[in-house]
Amino acid sequence: MAADEGNHVFEDQVYLSDLDPNTVRVELYADGVNGGEPVRQEMKREQEPVDANGHLYSAQVPSIRPATDYTARVIPHCYGVAIPLEAARILWQR
């Protein structure tokens with residue numbers, strides 16, 4: 001994580017083994033503040049893989065909240081299908 005002119009910049013290496021990277025969504029997540037909506041910022045997959053199974057994802061969010069409020073997560077993704085937050089296959093990075 002780094003800071004860039006009022007933004008937090010996050011980069012995460014994600015190892016998907018034999019999963020197609022197009023079948024997951026990597027995003028930054030932060031709980032809502034004072035009953036507000038949670039922050040769900042999609043992370044962009046970089047073009048070049050880190051290695052055979054690893055991919056680098058990056059995202060920026062405004063620095064109005066501490067960087068420690070955010071965690072990266074990998075969730076199943078299929079265009080047009082909604083995945084509930086409580087789905088058992090969501091992997092939370094802590």
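Criteria and thresholds
- Residues numbered from 1 in each chain as written.
- Predicted model: local features only at pLDDT ≥ 70, side-chain atom pairs only at ≥ 80, totals over all residues.
- Heavy atoms only, no water.
- Helix = DSSP H or I, 4+ residues; strand = E, 2+ residues; numbered from the N terminus.
- Contact = heavy atoms within 4.5 Å.
- Areas by Shrake-Rupley, 256 points an atom, 1.4 Å probe, with all protein chains shown as cover.
- Salt bridge = Lys/Arg side-chain N within 4 Å of Asp/Glu carboxyl O.
- Buried < 20%, exposed > 50% of the residue type's maximum accessible area, 1.4 Å probe, protein only.
- Phe/Tyr/Trp six-rings, centres within 6.5 Å; stacked < 30°, edge-to-face > 60°.
- Lys NZ or Arg CZ within 6 Å of the ring centre and 35° of its normal.
- Polar contact = N/O pair within 3.5 Å; in protein donor to acceptor, adjacent residues only side chain to side chain.
- Core = buried A, V, L, I, M, F, W, Y, C linked by side-chain atoms within 4.5 Å.

**A word on the overall build of the protein chain**
- A count of helices and strands for the protein chain gives zero helices and eight strands.
- The order of α-helices and β-strands along the protein chain, N terminus first, is β-β-β-β-β-β-β-β.
- Of the contacts formed within the protein chain by residues at least 6 apart in sequence, a portion of 60% connects residues at least 24 apart.
- A total accessible area of about 6500 Å² is found for the protein chain, and carbon and sulfur atoms account for 49% of it.

**A short note on the pattern of salt bridges**
- On inspection of all chains with the given rule, the structure shows five salt bridges.
- Residue E42 pairs with R25 through a salt bridge whose shortest N-O separation is 3.6 Å. Here E42 is found in strand 4 (residues 39-42), whereas its partner R25 is found in strand 3 (residues 24-30), with 17 residues between them in sequence.
- Taking the relative accessible area as the measure of exposure, E42 reaches 44% and is therefore partly exposed.
- Among the salt bridges present, the one from E27 reaches R40, with a minimum N-O distance of 3.1 Å. Taken as a pair, E27 in strand 3 and R40 in strand 4 lie far apart in primary sequence, 13 residues in all.

**Quick notes on the packing of aromatic side chains**
- Scanning all chains against the criterion turns up one aromatic pair.
- Lying over the aromatic face of Y70, R65 brings its terminal NZ or CZ to 5.8 Å of the ring centre.

**Digging into the side chain of R73**
- Structurally, R73 is set in strand 7 (residues 71-76).
- Accessibility expressed as a relative area gives 1% for R73, which makes it buried.
- A distance of 2.4 Å separates the side chain of R73 from the side chain of E27, its partner in a polar contact.

**Points about the nonpolar core**
- If you look at the biggest cluster of nonpolar residues, it comprises 15 residues, and the most contacted ones within it are F10, V14, V26, L28, M43, Y57 and Y70.
- Mapped by element, the contributors of at least two residues to this core are strand 2 (7-15), strand 3, strand 6 (54-62) and strand 7.
- Ranked by residue count, the leading element in this core is strand 3, at four residues.

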